[in-house]
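For reference, the chains in residue letters:
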Amino acid sequence: MKYVISDCNVVDVENDGRILPHRDILVDGSVIAKISEHGKEIFEGARRIDATGCYAVPGLIDLHVHLFGTGMPSKVLGAGKSQQRLIRFIHTGLGKKILGALVSSAAKNQLYSGVTTLRAVGDFCGSDIELKRRTDAGKGAAAGLRMFVSGMAITAPGGHGAGTFANTAQTTEDLERLVDEQVAAGADFIKICVTGGVMDAKKRGEPGEVKMTEEQVRAVCDRAHGSGKKVAAHVQSERGAEIAALCGVDSIEHGARLGENSLGALRDRGGAVVVTYSPALPFAKLPPEMTRMGELCKINSEAVMDGMTVGAKQAIAAGIDVGMGTDSSCPYCTQYDMWREVVYFSRFVGVSFAQALRVATLGNARILGIEGITGSVAEGKSADILVLKRDPIADLSALSEIAFMFAQGRFIDAPKPKKMKKIDAVLDTLMSSVGE
């Protein structure tokens with residue numbers, strides 16, 4: 001099928017977000033076949049879609065996703081008997097069916113909100129891997145969505161996600177076995193949890209207690225790299241970042257202050273830092289009774305957010321790639337708010353709207369190693385295109401108003417993700433409180 005996006009303004013993320021006015025974009029199958037001045041060429045046999053006054057941008061790329069939740073706050077997300085009962089249920093036949101429906105719905109919401117590529121960083125029971133197989137085959141409501149999946153994460157006993165979305169092992173041999181199992185199951189990369197997090201922290205001001213030793217991290221990284229897989233690491237402390245960077249991790253997720261050794265190791269290896277403001281901001285700013293995560297979580301989230309911002313700025317200054325993701329499924333982290341993460345990134349990291357949009361598209365594509373395939377609206381690239389009603393370079397909230405879109409050539413007219421009004425109202429208020 002051929003389509004012509006007629007008379008749109010192309011946002012060129014490869015060149016500082018400059019606007020190329022009055023362009024026609026020919027989509028042929030899954031590829032952007034031609035971009036020309038409006039009316040200069042006749043594309044026979046193509047369906048014309050009027051985009052006068054609209055803006056074409058690349059599909060968003062969410063680098064840090066969990067598909068097993070909605071973003072609705074729940075005590076189940078903390079430890080306790082309710083969580084244990086839920087985990088037992090998920091491993092039953094009925095539980096797996098419900099889980100499959102949940103992750104499928106989440107993926108559709110991601111897609112319909114403008115995310116055309118995502119990286120899922122920890123699941124239950126291999127649910128993300130199974131969903132990717134169906135999506136890649138063009139099946140299901142999320143067809144067209146490009147997915148990179150880790151399957152279950154890996155950590156040491158007592159580590160972040162242990163017993164939920166992470167498998168655990170103590171010895172290097174057993175950790176290597178877990179890597180082999182994930183690769184055999186179809187994982188595109190390996191996710192590890194080097195430190196704890198704000199949800200499981202036990203001490204005030206210590207959200208990133210180190211859980212994996214240097215030897216353990218190095219064993220996982222060496223094994224994964226031997227299989228051609230990159231390693232992404234949950235990290236929320238400076239010491240955790242140092243262990244991750246020095247022992248072979250390819251991307252530090254969430255982040256913290258980075259010492260010179262960490263910066264040097266990441267830069268030399270071509271590593272990256274991926275920030276996630278979408279959970280940190282609600283945890284830090286909303287009262288515990290709203291997030292249902294407790295006062296300690298709130299206090300530690302403030303420390304995490306500060307460290308994340310400092311680390312991102314350090315990485316950018318050192319020439320290290322910095323990306324972004326939503327950490328969807330955390331309280332107040334929905335499956336349809338990547339546009340908010342782009343806004344947060346601009347405000348907290350201190351970059352222009354154009355620079356933030358580039359990070360969310362071409363920059364994130366570079367971290368995934370697919371910048372030659374997607375990440376910009378350019379001839380020869382995948383037809384991953386959002387046609388917006390307003391100019392995102394003037395106002396990033398325009399990313400939430402999609403007239404129509406393409407995902408690997410699949411046309412979606414007036415996409416409408418399923419939203420939660422009460423959550424949106426809280427997030428709108430929260431966003432307005434964050435300084436421009």
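Whatever comes next refers back to the structure up there.
Read on for a plain summary of the structure. The model shown is predicted, which means the values in this text are computed figures rather than measured ones.

## Description of the side chain of Ser382
Take Ser382: it is sitting in the loop between helix H12 (353-368) and strand S16 (385-388). In this structure Ser382 comes out as buried when scored by relative accessible area, which is 9%. One polar contact links Ser382 to Arg146, side chain to side chain, over a distance of 3.1 Å. If near-sequence neighbours (up to four positions away) are discounted, Ser382 is found in contact with Ser30, Ile32, Arg146, Ile373, Thr374 and Gln408.

## Overview of the nonpolar core
If you look at the biggest cluster of nonpolar residues, it comprises 109 residues, and the most contacted ones within it are Ile192, Val217, Val275, Phe345 and Leu399. Considering each element in turn, this core owes the most residues, 8 residues, to helix H11 (residues 338-350). Excluding its chain neighbours within four sequence positions, the residues that come into contact with Val217 are Ile192, Val194, Met212, Ile243, Cys247 and Val249. In this structure, Ala51, Cys54, Val377 and Phe404 belong to the second largest nonpolar core, which totals 21 residues.

## Concerning unusual backbone geometry
Backbone geometry at Ser329 places phi at a positive 100°, although glycine is not the residue there. Within the secondary structure layout, Ser329 lies in the loop between strand S15 (321-324) and H11. Given the relative accessible area of 5%, Ser329 is considered buried. In this structure, Tyr332 takes a positive phi of about 65° despite not being glycine. Relative to the helices and strands, Tyr332 resides in the loop between S15 and H11. We classify Tyr332 as buried; its relative accessible area is 7%.

## A closer look at the packing of helix H8 (residues 277-285) against H11
The geometry of a pair of packed helices is captured by two quantities: the angle between their axes and the separation between those axes. Interhelical geometry of H8 versus H11 gives an angle of 75° and a closest axis separation of 9 Å. Of the possible angle classes, the one that applies to H8 and H11 is roughly perpendicular. Touching Tyr277, Ser278 and Leu281 of H8 are Glu341, Tyr344, Phe345, Phe348 and Val349, all from H11. Among the residues forming the contact of H8 with H11, the class breakdown is 6 nonpolar, 1 polar and 1 charged.

Parameters and conventions
- Residues numbered from 1 in each chain as written.
- Predicted model: local features only at pLDDT ≥ 70, side-chain atom pairs only at ≥ 80, totals over all residues.
- Heavy atoms only, no water.
- Helix = DSSP H or I, 4+ residues; strand = E, 2+ residues; numbered from the N terminus.
- Buried < 20%, exposed > 50% of the residue type's maximum accessible area, 1.4 Å probe, protein only.
- Polar contact = N/O pair within 3.5 Å; in protein donor to acceptor, adjacent residues only side chain to side chain.
- Contact = heavy atoms within 4.5 Å.
- Core = buried A, V, L, I, M, F, W, Y, C linked by side-chain atoms within 4.5 Å.
- Axes fitted to C-alpha atoms, helices over the stretch in contact; angles between N-to-C directions.
- Parallel < 35°, antiparallel > 145°, perpendicular 65-115°, else oblique.
- Nonpolar A, V, L, I, M, F, W, Y, C, P; charged D, E, K, R; others polar.

Spatial relationships are all this shows, so hold off on functional conclusions.
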